[in-house]
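These are the residues of each chain, in order.
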Amino acid sequence: MSEALDPRLVAREADAVMPTYRRMPVELVRGEGAYLFDPAGRRYVDCIAGISMANVGHCHPEVVEAIQAQAATLINTSNLFYTEPGIALAEWLRDHTIGGKVFFCNSGAEAAEAALKLARRHGGEGRDEVVALRDGFHGRTFGALSLTGQPDKQEAFRPLVSTVRHVSRDDPAELDEAVSERTSAIFVEVIQGEIGVQPVAPEVLIRARELCERVGALLVVDEIQTGLSRTGPLLASSEAGIRPDVLMLAKSLGGGVPIGAVVAAPAIADTLRPGDHGSTFAASPLACAAGLAACRVLADPALQDDVRRLGAILLDGLQALVDQGIAVDSRGRGLMCAVDFAEPIAGDVVSGLLEVGFLANNTSAHTVRFLPPLVISEEDVRELTRVLPEVCGAL
Ligand SMILES: Cc1ncc(COP(=O)(O)O)c(C=O)c1O
């Protein structure tokens, strides 16, 4: 446990904050690159990056500079007026992803809501179904939760809002069964992060694309966790060979500042009409200035090469745990990796890593996930792979 964790802080939190999060026993007060620091100045190597929110690392100088300049000029006004930073970020996203046009929002769940409305508006009357993948995760608001194919997260909140049919991430035949003329959209991730970095079968992704063509539905690709160079390329879907009609981004898009985006391909870019959707905070100059700075950092081919190279080193280290009989499976792409244990020790592994100065996260009792900032050093990745067997061995 972090020696600096003040019990008074824990008590204040328990008194004032709703108990929706299970927190790790550490208080963080400062971040720099791949490092986070507690109040006593102890340094942790961040291997979770706010669940892929901090791909640029903490307080990246270019993001800080953009935020400081924009904060001193205009933080936010209203979507009733023109402001340039949102236009500049939309142009960047259009030019670097799938063309078309962008709707900004404030989070991943809001991106799912916007994509749902876009699909419903596009489909028109009679297209009242969407298809999504079991075990997928798209957020926790009601629409997004309805898409999220994880019954444990849904159960307490039924009835949910949409008619969503969930199908397997491995079996294209289930997609064939579920998709019909009533389908407005198929929502997919390329790799399901929240369930423990599970790749969706390439044939399911390809069949989803084909079925969308056949029935006139939209292929919505949620790259909120996989996107912006997390797996190596700017978009995981480009490597998977599928062209989204609608792309969802959030998390690392703002370099740490809340922002989400839905990019709609050219043919459907004007589907949402004036008054159809909006948000007070969306496209704030502050978030968009931070976002443009973050995107420019994340699109650097040298950084993307590092992601591939360091991801391979990390995955080798996780595979070594399997080879030594400590773990049972490892998988990953770029710097999005996970390792499975036969016994329910993943929480203990995370606690053990914390003791030796590494922050990671377990997606279940059996699986530890690693999503470090993409600016992590080779030295820190190697050190992580060195301490992991020791931490596991000490359990
Ligand atoms: C793939 C994916 N979609 C959507 C979301 C929801 O994003 P947010 O927490 O910003 O609402 C997440 C969050 O973990 C995610 O990983």
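Since the model is a prediction, treat every value here as computed from it, not as a measurement.

Chemist: Would you explain the pattern of salt bridges in this entry?
Modeler: In this structure the tally under the stated criterion is 28 salt bridges. The partner of Arg-182 in a salt bridge is Glu-129, and the shortest N-O contact between them spans 3.6 Å. Of this pair, Arg-182 sits in the loop between helix 8 (172–178) and strand 7 (183–188) while Glu-129 sits in strand 5 (residues 129–133), placing them 53 residues apart in sequence. Residue Arg-182 is classed as partly exposed on the basis of its relative accessible area of 39%. Arg-207 is paired through a salt bridge with Asp-176; the nearest N and O atoms lie 2.4 Å apart. Taken together, the residues Arg-207 in helix 9 (residues 202–215) and Asp-176 in helix 8 connect sequence positions 31 residues apart. Judged by relative accessible area, Asp-176 falls into the partly exposed class, the value being 35%. Here the salt bridges share partners, and the residues they tie into one network are Asp-128, Glu-129, Arg-165 and Arg-182.

Chemist: What is the right way to look at empty space enclosed by the protein in this model?
Modeler: In this approach a probe as big as a water molecule rolls over the atoms, and the regions it shows empty are the leftover space. A full pass over the atoms with the stated rule returns 1 cavity of 30 Å³ or more. Forming the walls of the largest cavity are Asn-76, Thr-77, Ser-78, Asn-79, Thr-83, Thr-280, Ala-282, Ala-283, Ser-284 and Pro-285. Here the residues of the lining of the largest cavity sort into 3 nonpolar, 7 polar and no charged.

Chemist: Whenever I open this one, helix 11 (residues 285–298) confuses me. Can you help?
Modeler: Side chains of residues three or four places apart in an α-helix project in the same direction, reflecting 3.6 residues per turn. Between its first and last C-alpha atoms helix 11 spans 20 Å; for 14 residues at 1.5 Å apiece the expected length is 20 Å, and the two agree. Most of helix 11 sits out of view: 13 of its 14 residues are buried.

Chemist: Any chance you could explain the packing of aromatic side chains here in plain terms?
Modeler: What the rule picks out here adds up to 1 aromatic pair. Seen in terms of ring centroids, Phe-142 and Phe-157 are 6.5 Å apart; in terms of plane orientation they differ by 90°. Their pairing is edge-to-face. In this pair, Phe-142 sits in helix 6 (residues 142–147) while Phe-157 sits in the loop between helix 7 (151–154) and strand 6 (163–167), placing the two residues 15 residues apart along the sequence. On the basis of relative accessible area, Phe-142 is assigned to the partly exposed category, the value being 40%.

Chemist: It is not clear to me how the domain arrangement of the protein should be interpreted in this structure. Could you clarify?
Modeler: Interface size, as often reported, equals the accessible area lost upon joining of the parts. Each assigned domain of the protein is listed here: domain 1 (7–60 + 301–393) and domain 2 (61–298). The interface is formed by 28 residues belonging to domain 1 together with 31 residues belonging to domain 2. The junction of domain 1 with domain 2 conceals about 2,400 Å² of combined surface from both sides, 57% of it contributed by carbon and sulfur atoms. For domain 1, the biggest contributors to the area lost against domain 2 are His-60, Arg-333 and Met-336; these three give 32% of the whole. There are 2 salt bridges connecting domain 1 and domain 2. Close ionic contact of Arg-308 with Glu-239 constitutes a salt bridge, the shortest N to O distance being 3.8 Å.

Chemist: Explain the nonpolar core to me, please; I cannot follow it from the model alone.
Modeler: The tendency in soluble globular proteins is for nonpolar side chains to be buried side by side. By size, the foremost hydrophobic cluster in this structure holds 64 residues, and its most contacted members are Leu-93, Phe-104, Leu-353, Val-368 and Phe-370. It is helix 11 that contributes the most residues to this core, 9 residues altogether. Three or more residues apiece are contributed to this core by two domains, here domain 1 (7–60 + 301–393) and domain 2 (61–298). With residues up to four places along the chain from it excluded, the contact list for Phe-370 reads Cys-47, Leu-314, Leu-318, Leu-335, Met-336, Cys-337, Val-339, Leu-353, Ala-360, Leu-384 and Leu-388. In terms of nonpolar packing, the next biggest core, distinct from the first, is built from 28 residues, Leu-133, Val-179, Val-204 and Ala-208 among them.

Chemist: Help me understand the site of the ligand, please; the structure alone is not making it clear to me.
Modeler: The local shell around the ligand consists of Ser-107, Gly-108, Ala-109, Phe-137, His-138, Gly-139, Glu-189, Glu-194, Asp-222, Ile-224, Gln-225 and Lys-251. Residue Gly-108 places a main-chain N or O atom 2.8 Å away from an oxygen atom belonging to the ligand. Contact between the ligand and Gln-225: an oxygen atom at 2.8 Å from a side-chain N or O atom of the residue. Compared with its free state, where it exposes 390 Å², the ligand has 82% of that area covered by protein. Class assignment of the residues belonging to the shell around the ligand gives a composition of 3 nonpolar, 5 polar and 4 charged.

About the thresholds
- Along every chain, residues carry numbers that run from 1 in the direction the sequence is written.
- Two thresholds apply to this predicted model, a pLDDT of at least 70 for residue-level local features and 80 or more for giving and counting side-chain atom pairs, whereas whole-chain, interface and lining totals are computed over all residues.
- Only heavy atoms go into the side-chain values, all of them from the structure, while hydrogens and water stay out.
- Only one rule defines a salt bridge in this text: a Lys or Arg side-chain nitrogen within 4 Å of an Asp or Glu carboxyl oxygen.
- Only runs of H or I of at least four residues qualify as helices and only runs of E of at least two qualify as strands under DSSP, and these elements are numbered from the N terminus.
- Buried means the residue's accessible area, taken with a 1.4 Å probe over protein chains only, is under 20% of the maximum for its type, while exposed means over 50%, and partly exposed covers the values in between.
- A pocket here means an open set of points on a 1 Å grid, computed over the protein atoms alone, that has protein on both sides within 12 Å along at least five of seven lines. A cavity is instead a set of points where a 1.4 Å probe fits but cannot get out; residues with an atom within 4 Å of a point line either one.
- Grid points are joined across faces, edges and corners, and a volume is the space filled by probe spheres set on the points.
- The classification used treats Ala, Val, Leu, Ile, Met, Phe, Trp, Tyr, Cys and Pro as nonpolar, Asp, Glu, Lys and Arg as charged, and all other residues, Gly among them, as polar.
- Expected helix span is computed as 1.5 Å times (number of residues minus one).
- Stacked, edge-to-face and tilted labels apply to pairs of Phe, Tyr and Trp rings (six-membered ring for Trp) whose centres lie within 6.5 Å, assigned for plane angles under 30 degrees, over 60, and everything in between, in that order.
- Residue ranges for the domains originate in an automatic or database domain assignment.
- For this analysis, residues touch if any pair of their heavy atoms sits within 4.5 Å.
- Joining two parts hides part of their accessible area as seen by a 1.4 Å probe, and the buried area is that hidden amount summed over both.
- Take the buried residues of types Ala, Val, Leu, Ile, Met, Phe, Trp, Tyr and Cys, join any two whose side-chain atoms come within 4.5 Å, and each joined set is a nonpolar core.
- Near, as used in this document, describes a residue that has one of its heavy atoms within 4 Å of the molecule or strand being considered.
- Polar contacts, as counted here, are pairs of nitrogen or oxygen atoms within 3.5 Å of one another; within protein the pair requires one atom able to donate a hydrogen and one able to accept it, and residues that are adjacent in sequence qualify only if both atoms are side-chain atoms.
- To be clear on the numbers: accessible area is Shrake-Rupley with a 1.4 Å probe, and residue cover counts the displayed protein chains and nothing else.

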